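# Close look at the chain arrangement
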Amino acid sequence: MSRHFHFHFHFQTRERCLNCLAELFEQAKVIFLFILSLQTMAQTGFGRRYFKAFVSGFFVAVPVTVTVLDRLAYVARVEGASMQPSLNPDGGSSPDVVLLNRWSVRNYQVHRGDIVSVLSPKDPQQKIIKRVIGIEGDFIKTLGYKNRYVRVPDGHLWIEGDHHGHSFDSNTFGPVSLGLVHGRASHIIWPPSRWQRIEPSVPPERRPLLNWEGATEDGYDD
């Protein structure tokens, strides 16, 4: 591949810049999906040679694209059962691979119901994937935490796995800092039978009891 990609970002207006980034993110998703498909082909001799040739040419020709993709999004395999049945519903036989959007959390814009990748408060070398149950100001009824009720402090989140009892989450280590959020899971991209957009949602029984404005759980529309 000898074609050169030139990215012309125009900053005259904020809207134009955001449109450029949105288009680039959509291209990123296509590239990730294509590479995963090629990895499947690599199980055969011909597929393996084709895959190596493609990857070699791709990464030499468009290093700028790779750098941008790393800043905007990346893919990760989901391990374990803590997010069942939302993720890995079949157990470890065919783990889900998710697209993690880094750009969307750059300004700590995280909402209730989002599934996020977080640096573990207990081990900074490990990333965990959980659902956001509460944001700052929310009052949470905990599940086995040292305090039965917790108000989420400013600049923090309450995160939980969907598979209660099989999850290492805020019910163990408490609220987590927004600064530990690494990305938001936007799509399941592997296996092909699981391709789908991940919509934010909070189970009715886990919605916050109250937020700082005094709204009850009936006022949430997650």
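Worth saying up front: this structure is predicted, and the values here are computed from it rather than measured. Here, residues in each chain are numbered from 1, in the same order as that chain's written sequence. Local features in this predicted model are restricted to residues of pLDDT 70 or higher, and side-chain atom pairs are both shown and tallied only at a pLDDT of 80 or more, whereas totals for entire chains, interfaces and linings draw on every residue. Heavy atoms throughout the structure, all of them, feed into the side-chain values; hydrogens and water do not.

Residue proline 85 is bonded to the preceding glutamine 84 through a cis peptide linkage, with omega at 5°. Only DSSP runs of H or I reaching four residues or more are called helices, and only runs of E reaching two or more are called strands; each is numbered from the N terminus. By the secondary structure assignment, proline 85 is in the loop between strand S1 (73-77) and strand S2 (97-101). The residue after tryptophan 190, namely proline 191, is reached through a cis peptide bond having omega 0°. Position of proline 191 among the secondary structure elements: in the loop between strand S9 (181-190) and strand S10 (196-197). Its identity is not glycine, yet asparagine 88 carries a phi of approximately 55°, on the positive side. Here asparagine 88 lies in the loop between S1 and S2. Relative accessible area serves as the criterion here: at 2%, asparagine 88 is assigned to the buried category. Per-residue accessibility, obtained with a 1.4 Å probe over protein chains only, is compared with the maximum for each type, and a residue is labelled buried under 20%, exposed over 50%, and partly exposed between these values.

Here we take up the pairing of strand S7 (residues 156-160). Most of S7 sits inside the fold, with 4 of its 5 residues counted as buried. Of the strand pairs in this sheet, strand S4 (residues 127-134) and S7 are connected by 3 bridges, and their pairing is antiparallel. Note that in S7 the partner of arginine 131 across the bridge is glutamate 160. DSSP-based pairing: two strands are paired if at least 2 bridges between them are found. With 2 bridges joining them, S7 and strand S8 (residues 176-177) adopt antiparallel strand pairing. Opposite leucine 157, over in S8, you have valine 176 as the bridge partner.

What follows concerns the environment of isoleucine 188. Tracing the sequence through the fold places isoleucine 188 in strand S9. Judged by relative accessible area, isoleucine 188 falls into the buried class, the value being 3%. Through-space distance from the C-alpha of isoleucine 188 to that of aspartate 96 is 6.6 Å; in sequence the pair is 92 residues apart. Contacts: residue pairs with any heavy atoms within 4.5 Å of one another. Non-local contacts of isoleucine 188, meaning those with residues more than four positions away in its chain, are made with Ser86, Leu87, Asp96, Val97, Val98, Arg194, Trp195, Gln196 and Ile198.

Quick look at the pattern of salt bridges now. Salt bridges are defined by distance alone: a side-chain nitrogen of Lys or Arg within 4 Å of a carboxyl oxygen of Asp or Glu. Under the criterion given, the structure shown has 7 salt bridges. One salt bridge connects arginine 194 with aspartate 96, and the closest N-O pair in it is separated by 2.8 Å. Taken together, the residues span a long stretch of sequence, with arginine 194 in the loop between S9 and S10 and aspartate 96 in the loop between S1 and S2 at a distance of 98 residues. The buried category is assigned to arginine 194, whose relative accessible area is 16%.

The aromatic pairing rule takes the rings of Phe, Tyr and Trp, using the six-membered ring of Trp, and pairs them if the centres are within 6.5 Å, calling planes under 30 degrees apart stacked, those over 60 edge-to-face and the rest tilted. Per the counting criterion, the structure on display carries 2 aromatic pairs. Judged by centre distance (5.5 Å) and plane angle (80°), the rings of tyrosine 145 and tryptophan 158 are edge-to-face. Placement of the pair is tyrosine 145 in the loop between strand S5 (139-141) and strand S6 (149-151) and tryptophan 158 in strand S7, with a sequence separation of 13 residues. Residue tryptophan 158 is classed as buried on the basis of its relative accessible area of 0%. The interplanar angle of 70° and the centroid separation of 5.1 Å between the aromatic rings of phenylalanine 168 and phenylalanine 173 together place this pair among those described as edge-to-face.

UniProt positions are given in the numbering used here, feature names are shortened, and annotations may be inferred rather than shown by experiment. Within the UniProt annotation, "active site" (unreviewed entry) is assigned to Ser82 and Lys130. A stretch of 49 residues holds the annotated residues, and the largest C-alpha distance among them is 8.0 Å, short enough that they meet in one place. Mapped onto the elements, serine 82 comes out in the loop between S1 and S2. Assessed through its relative accessible area of 11%, serine 82 is described here as buried. Excluding its chain neighbours within four sequence positions, the residues that come into contact with serine 82 are Ile129, Lys130, Gly161, Asp162, His163, His166 and Ser167. Residues adjacent in sequence count toward polar contacts only when both atoms are side-chain atoms; beyond that, a polar contact is any pair of N or O atoms within 3.5 Å, and within protein one must be able to donate a hydrogen and the other to accept it. Of note is the side chain of serine 82, whose polar atom sits 3.0 Å from the side chain of lysine 130.

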